[in-house]
Amino acid sequence: MSILEKPVCELAYYQNIIDDLKKKGNVPVAFGCVDQQKPYFIYKITEKFNKKLIITGTEIRARELYEDYRAIDKNTYYYPAKDFIFYSADVHGNQLAGERLACIYKIIQAQKHISEDSISNGKTDGIQPENKNAAGLTVVTTIDGCADLLVPLEKYKNATISFEKGQVLDLE
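Here we summarise the structure given alongside this text.

Cut-offs applied
- In every chain, residue numbers begin from 1 and rise along the written sequence.
- With the structure being a predicted model, the display of local features is reserved for residues of pLDDT at least 70 and the display and counting of side-chain atom pairs for 80 or more, all residues being used for whole-chain, interface and lining totals.
- Only hydrogens and water are removed before side-chain values are computed, so all heavy atoms of the structure are retained for them.
- Put simply, DSSP marks the helices as runs of H or I at least four residues long and the strands as runs of E at least two long, and each gets a number from the N terminus on.
- Any N or O atom pair separated by 3.5 Å or less is treated as a polar contact, with the protein-specific requirement of one donor-capable and one acceptor-capable atom, and with residues adjacent in sequence counted only for side-chain atom pairs.
- Whether two residues are in contact is decided by their heavy atoms, any of which lying within 4.5 Å being enough.
- Per-residue accessibility, obtained with a 1.4 Å probe over protein chains only, is compared with the maximum for each type, and a residue is labelled buried under 20%, exposed over 50%, and partly exposed between these values.
- Charge counting follows a simple rule: Lys and Arg are positive, Asp and Glu are negative, and His as well as the terminal groups are ignored.
- Here, a salt bridge means any Lys or Arg side-chain nitrogen found within 4 Å of an Asp or Glu carboxyl oxygen.
- Taking the helix axis as origin, the arc is that swept by the directions to the C-beta atoms.
- Two strands pair if DSSP finds at least two bridges between them.

The next subject is the side chain of Thr56. Checked against the element boundaries, Thr56 lands in strand E1 (residues 51-56). One polar contact links the side chain of Thr56 to the main-chain carbonyl oxygen of Thr58, over a distance of 3.1 Å. The contacts of Thr56, once residues within four sequence positions are left out, are Arg61, Ala62, Leu65, Thr141, Thr142 and Ile143.

Shown next as structure tokens:
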């Protein structure tokens, strides 16, 4: 346990949140944590889970938390909400759409890897086995990002093609 994780484990409500996470259908909410401590708190209480979704109230806070959390967990991605004010003006170019698609791609890859790992280990509940080779994934977004109307994940999977350098593609 690192020196940064130890204070998190000593918090009074730490074990209550761990117990809530183990129960299906319970979503724990924690208040009173200072901003600098939140990434470590989130990391510590969710370390046994391969799939994590962190939802914030604003885009600014989501980006800040993403940058802080990425220092702890390199497999963290940011899913930006659609910017409806500038949606037709195309001020940001395709940057936001690219970030959303990159995040969706990582979700598909992690879902495939986690599903294969779960099947091979016989685990089907919410808590995945501690496997250093398992592809964990953390997505940071806002409540607006969760409200986006998205194309079903299966359509992305079916419309994705993979090719390698030097491979000949049949265009017909």
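Our next topic: the environment of Tyr43. Take Tyr43: it is sitting in helix H3 (residues 38-45). Linking Tyr43 and Thr138, residues 95 residues apart in sequence, is a C-alpha distance of 9.7 Å. Among all residues touching Tyr43, those that are not within four sequence positions of it are Glu5, Lys52, Tyr69 and Ile72.

Turning next to the side chain of Lys52. Following the sequence through the fold, Lys52 ends up in strand E1. Buried charge without a salt bridge: Lys52, with Asp73 as the nearest opposite-charge side chain at an N-O distance of 4.1 Å. Reaching out from Lys52, the side chain makes a polar contact with the side chain of Tyr69 at a distance of 3.4 Å.

Every buried residue of helix H2 (residues 14-22) is accounted for by Tyr14, Ile17 and Ile18. One face of H2 carries all of its buried residues, which in axial projection span an arc of 100°. At its buried positions, H2 is contacted by helix H1 (6-9) and H3.

Turning our eyes to something else, we now look at the pairing of strand E3 (residues 137-142). Every other side chain in a regular strand lies on the same face of the sheet, so the side chains alternate between the two faces. With six of six residues buried, E3 lies mostly within the body of the structure. Where burial is concerned, the two faces of E3 agree: the one with Leu137, Val139 and Thr141 and the one with Thr138, Val140 and Thr142 are both buried. Note: E1 against E3, six bridges, orientation parallel. Directly across from Ile55, in E3, lies its bridge partner Thr141.

Function cannot be inferred from these measures alone, as they are strictly geometric.
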